[in-house]
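A look at the structure
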Amino acid sequence: MSKPLPLILDCDPGIDDFIAILMILAAPEKFNLLGITVSGGNVPLKYTTQNALKACELAGRPDVKVYAGCPSPMMRDLTCESVVHGETGLKGPALPMPTMKAQSQHAVDFLIETLMKADKKVTLATTGPLTNIAVAIVREPRILNNIDQIVTMGGSMLLGNITPAAEYNFYADPEAAHILLTSGKPLTLVGLDVTHQILTSPEWLSELKALENPVADTLVEMLKVHDYDVKTFGLAGAPLHDPAVIAYLLKPELFKGKFVNVEVDLSFNITRGRTTIDWYNKRHLEQNAHVLNEVDVKGFFDLTTDLLSSYGALSSSQKKERMS
Ligand code: RIB
Ligand code: CA
């Protein structure tokens, strides 16, 4: 069996980031999670950090190290998505305030220190605005030598979600996305083209409910009210954007894509943050991203259900307690 993958997750929980964290922590034999770094994004940093801590505690992992990072983008004001995820970023069941604390070290310092001393190349999974990663690269470009791969939820070939033109993570901090796209380290881009195929359904929520474990139950309650995309874009269910990043790391064979050139719009116009994905190589530029465009949807949900089932069914005494 291969050794667990050294992994850092950079995120902005948000409901789908929250699920991504639970997927990682459900597979300790696959991931050696070095730390979770958090930025302002879906909601302000105070809440995204709190939500990352809540996910770790729900998973029974108060040992996980969570680092708060940049509260806002490099060159823009923070645009939140509380309309999607709720005021504090986790619409749905009220989870207890976390007892575990975030680390005192800044996320960017953690990224630089950890990557500079890594004796084995580290995988970066990113599911929010790319501010922390970009600032770390600007401050210490040598960290790129110790990054094995960067798998990023972001971008879109076709329509956007935060604007008609742009996907939220790249819209929130386009300069940060530009720094990664021009870093010389190819990205795997998990954009809306693929995440809008991965939609929750009542049938899948019933499957989760049947797992009879507190983690799955919590996600069912969250996903039941995670209806912004259904109401706004007419999607059949809630798109699981960030979990797709983790599924790719675990089972890349579930996805198909193409190495192409991707540029991000740095203007302050309506096209801000838009990704131009040169699918047919019309511009003959450097292929800086592996853009995913196909996914085995059943395979994704089977994998995710299996991961969440590992949080264990209720013991008989717990079942009796629930029945009373
Ligand atoms: O556009 C979707 C992305 O923006 C997801 O990562 C979601 O959590 C928000 O951060
Ligand atoms: Ca996110």
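Notes on the structure follow.

Parameters and conventions
Residues numbered from 1 in each chain as written. Chains lettered and ligands numbered in written order. Predicted model: local features only at pLDDT ≥ 70, side-chain atom pairs only at ≥ 80, totals over all residues. Heavy atoms only, no water. Pairing = 2+ DSSP bridges. Helix = DSSP H or I, 4+ residues; strand = E, 2+ residues; numbered from the N terminus. Axes fitted to C-alpha atoms, helices over the stretch in contact; angles between N-to-C directions. Buried < 20%, exposed > 50% of the residue type's maximum accessible area, 1.4 Å probe, protein only. Contact = heavy atoms within 4.5 Å. Salt bridge = Lys/Arg side-chain N within 4 Å of Asp/Glu carboxyl O. Near = heavy atom within 4 Å. Polar contact = N/O pair within 3.5 Å; in protein donor to acceptor, adjacent residues only side chain to side chain. Nonpolar A, V, L, I, M, F, W, Y, C, P; charged D, E, K, R; others polar. Donors = N, O, S within 2.8 Å, 3.2 Å for Na, K, Ca; no water.

The next point concerns the sheet that holds strand β5 (residues 147-153). Ordered by their spatial adjacency, 9 strands build an open sheet running β3-β2-β1-β4-β5-β6-β9-β7-β8, and the pairing between neighbours is mixed. Looking at which strands have only one partner, the edges of the open sheet turn out to be β3 (66-68) and β8 (275-278). For this sheet, the mean angle separating the axes of adjacent strands, direction not counted, is 30°. Sheet analysis places strand β2 (residues 31-38) next to β3, joined by 3 bridges and oriented parallel. When the sheet's bridge partners are listed, isoleucine 36 is paired in β3 with valine 66.

Tracing the backbone through its elements, the reader meets lysine 65 in the loop between α2 (45-58) and β3. In this structure lysine 65 comes out as partly exposed when scored by relative accessible area, which is 39%. Each C-alpha atom, one on lysine 65 and one on lysine 101, is 8.7 Å from the other, the two residues being 36 residues apart in sequence. Non-local contacts of lysine 65, meaning those with residues more than four positions away in its chain, are made with Gly35, Ile36 and Gln103.

Looking now at the pattern of salt bridges. Enumeration according to the criterion identifies 11 salt bridges in this entry. Across the pair aspartate 227 and lysine 91 runs a salt bridge whose closest N-O atoms are separated by 3.5 Å. Residue aspartate 227 is found in the loop between α10 (214-224) and α11 (228-233), and its partner lysine 91 is found in the loop between α3 (82-85) and α4 (107-117); the two are separated by 136 residues along the sequence. For lysine 117, the salt bridge goes to glutamate 113, with nearest N and O atoms at 3.9 Å. Here lysine 117 and its partner glutamate 113 are both found in helix α4, 4 residues apart, which amounts to about one turn of the helix. Given the relative accessible area of 59%, lysine 117 is considered exposed. By sharing partners, the salt bridges in this structure join Lys91, Asp227 and Lys231 into a single network.

Since the α-helix packs 3.6 residues into each turn, any two residues three or four apart lie on the same face. Within helix α12 (residues 241-250), 10 of the 10 residues are buried, which leaves the element mostly enclosed by the surrounding structure. When α12 is considered as a whole, its buried residues turn out to be His241, Asp242, Pro243, Ala244, Val245, Ile246, Ala247, Tyr248, Leu249 and Leu250.

Taken together, 13 residues sit near ligand 1, with Asp16, Thr127, Asn161, Glu167 and Asp242 positioned nearest. With respect to ligand 1, the side chain of asparagine 161 contributes an N or O atom lying 2.8 Å from an oxygen atom. Of all elements in the fold, only α1 (15-25), α6 (168-172) and α12 reach the threshold of two or more residues within the shell around ligand 1. Of the residues in the shell around ligand 1, the class split is 2 nonpolar, 6 polar and 5 charged.

Another aspect to go through is the side chain of threonine 305. Locating threonine 305 in the fold gives a position in helix α13 (residues 297-309). A distance of 2.8 Å separates the side chain of threonine 305 from the backbone oxygen of phenylalanine 301, its partner in a polar contact. Apart from the residues within four sequence positions on either side, threonine 305 is in contact with Trp204, Glu207, Leu208 and Leu211.

This brings us to the coordination of the calcium ion (ligand 2). The protein atoms that coordinate the calcium ion (ligand 2) are Asp12 (OD), Asp17 (OD), Asp17 (OD), Thr127 (O) and Asp242 (OD), at distances of 2.1 to 2.6 Å. In the primary structure, the donors to the calcium ion (ligand 2) are separated according to the pattern D-x4-D-x109-T-x114-D. Of this pair, threonine 127 sits in the loop between β4 (122-126) and α5 (131-139) while aspartate 242 sits in helix α12, and the two are 115 residues apart along the sequence. The pair formed by threonine 127 and aspartate 242 is uniform in burial state, with each residue classed as buried.

Glancing now at the pairing of β4. Most of β4 sits inside the fold, with 5 of its 5 residues counted as buried. Judged by which residues are buried, β4 turns out to be covered on both faces: Val122, Leu124 and Thr126 on one side and Thr123 and Ala125 on the other are all buried. Direction of pairing for strand β1 (residues 5-11) relative to β4: parallel, over a ladder of 4 bridges. Opposite aspartate 10, over in β4, you have threonine 126 as the bridge partner. As paired elements, β4 and β5 share 5 bridges and run parallel to each other. Among the inter-strand pairings, threonine 126 is bridged to a residue of β5, identified as threonine 152.

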